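# Structural characterization, general
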Amino acid sequence: MSNGMTTTPLVPSYTRGIGYQAGLLGGIAMIVSIILMMGEHGTRDDIKARLEEDRSAMLSQVLPAEMYDNNPLEDTTQLEGNPFGGDPTVFLASRDGELTGAAYEVITHNGYSGKIVLIIGVNANGELTGVRTITHAETPGLGDKIEIAKHDWVEGFNGFSLSNIPEKEWAVKKDGGRFDQFTGATITPRAYVGAVHEGLKVYEQQKVKLQTAVADQGVEKSAANQEEQP
């Protein structure tokens, strides 16, 4: 029979100790960390694949496929001195072991809202084969016309080079140059034109290095192929 009294469960005294509680929290934290690590490991390959797809899609817009018979995603080098301070990777396009073009990031910090990151593609003669915006924080409806999804303005660079446009014309029309500015927004296109111009100068300065990189990679591939043959 019940005597009407409530019985309190006995709790081991050691569970009240600070050491036990700290160990318990540590164990929980470790389990959570393991679960997160397992989740990250399980999605790592998928994330890498998506990034490669995005990068490949961007490259296809600035380096036309007919320019090369190699894989620019695999054949890379770096800009000497990392002049723009971002990703110095150069994606090399080649055909029959000869440099036919290159693509790399260019950065300007002079946009209306700060940094603009773009990628330019050039052929072996230094002519632009494509320009695309990677990231920016420009004003929606005005400065964001540098996005190909919003406007075709960036396509106006195609075919131009340091040799077929005089130095003074690498500017927006408001400054006496060749390129259109946006209605109500001049700072963004002014910075963008300057960035593309600087990007072409870097190609001219580092062209020989890029040609050497392609030649060296060709030698390495040839040696690897010979090793694979029985």
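Calculation notes
Residues numbered from 1 in each chain as written. Predicted model: local features only at pLDDT ≥ 70, side-chain atom pairs only at ≥ 80, totals over all residues. Heavy atoms only, no water. UniProt positions renumbered as here; feature names shortened; annotations may be inferred. Helix = DSSP H or I, 4+ residues; strand = E, 2+ residues; numbered from the N terminus. Buried < 20%, exposed > 50% of the residue type's maximum accessible area, 1.4 Å probe, protein only. Contact = heavy atoms within 4.5 Å. Areas by Shrake-Rupley, 256 points an atom, 1.4 Å probe, with all protein chains shown as cover. Core = buried A, V, L, I, M, F, W, Y, C linked by side-chain atoms within 4.5 Å. Salt bridge = Lys/Arg side-chain N within 4 Å of Asp/Glu carboxyl O. Phe/Tyr/Trp six-rings, centres within 6.5 Å; stacked < 30°, edge-to-face > 60°. Pairing = 2+ DSSP bridges. Axes fitted to C-alpha atoms, helices over the stretch in contact; angles between N-to-C directions. Patch = residues over 30% accessible without salt bridge, like charges linked within 9 Å, V, L, I, M, F, W, Y side chains within 5 Å.

The name given to the protein in an unreviewed UniProt entry is Ion-translocating oxidoreductase complex subunit G, with Marinobacterium zhoushanense as the source organism. The annotation that UniProt attaches to the protein under Sequence similarities (unreviewed entry) is "Belongs to the RnfG family." Quoted straight from UniProt, the Cofactor (unreviewed entry) entry for the protein says "FMN".

### Some thoughts on the overall build of the protein
Tallying secondary structure elements over the protein gives 2 helices and 5 strands in all. In sequence order, the secondary structure elements of the protein are arranged as α-β-β-β-β-β-α. Counting over 230 residues, the protein shows a buried share of 35%. Contacts in the protein between residues far apart in sequence, at least 24 positions, make up 51% of those at least 6 positions apart. Looking at the protein as shown, the accessible area adds up to about 14000 Å², and 55% of this sits on carbon and sulfur atoms.

### Considerations on the nonpolar core
By size, the foremost hydrophobic cluster in this structure holds 37 residues, and its most contacted members are L118, L128, F157, W170 and Y192. Elements with a minimum of two residues in this core: β2 (89-95), β3 (98-111), β4 (114-123), β5 (128-135) and α2 (187-228). If one sorts the elements of this core by residue count, α2 sits on top with 10 residues. Counting 9 residues, the second largest nonpolar core, distinct from the first, contains L63, F91, A103 and I119.

### Quick notes on the pattern of salt bridges
Any two side chains of opposite charge can pair, on the condition that their charged atoms come close. Per the counting criterion, the structure on display carries 7 salt bridges. K201 serves as the salt-bridge partner of E167, at 3.5 Å between the closest nitrogen and oxygen. Taken as a pair, E167 in the loop between β5 and α2 and K201 in helix α2 lie far apart in primary sequence, 34 residues in all. Under the relative-accessibility criterion, K201 is labelled partly exposed at 26%. Here R178 and E169 are joined by a salt bridge, their closest N and O atoms 2.6 Å apart. Residues joined in a network through salt bridges with shared partners are D144, E147 and K150.

### Comments concerning the UniProt feature "modified residue: FMN phosphoryl threonine" (unreviewed entry) in the protein
Per the UniProt record, "modified residue: FMN phosphoryl threonine" (unreviewed entry) is found at T186. One can find T186 in the loop between β5 and α2. Taking relative accessible area as the criterion, T186 reaches 16% and is therefore assigned buried. Look past the residues within four positions of T186 in its chain and what remains in contact with it is V172, K174 and Q181.

### Describing the side chain of D144
Relative to the elements of secondary structure, D144 occurs in the loop between β5 and α2. Judged by its relative accessible area of 8%, D144 is buried. In contact with D144, other than residues within four places in its own chain, are H136, E138, T139 and K150.

### Observations regarding the packing of aromatic side chains
Counting across every chain of the model gives 7 aromatic pairs. A connected cluster of aromatic rings, assembled from ring pairs, spans W153, F157, F160, W170, F179, F182 and Y192.

### A few points about the sheet that holds strand β1 (residues 76-78)
Pairing within the open sheet is antiparallel, and its 5 strands lie in the order β1-β2-β3-β4-β5. What marks the edges here is a single partner per strand, and that holds for β1 and β5. For this sheet the average axis-to-axis angle between neighbouring strands, irrespective of direction, equals 30°. Bridge analysis of β3 against β4 gives 9 bridges, and the strand direction is antiparallel. Bridged to E105 within β4 is I119.

### Describing a nonpolar patch on the surface
Residues L25, I28, V32 and L36 make up a contiguous nonpolar surface patch of about 400 Å² in total accessible area. Within the fold, L36 resides in helix α1 (residues 18-62). For L36, a relative accessible area of 59% gives the class exposed.

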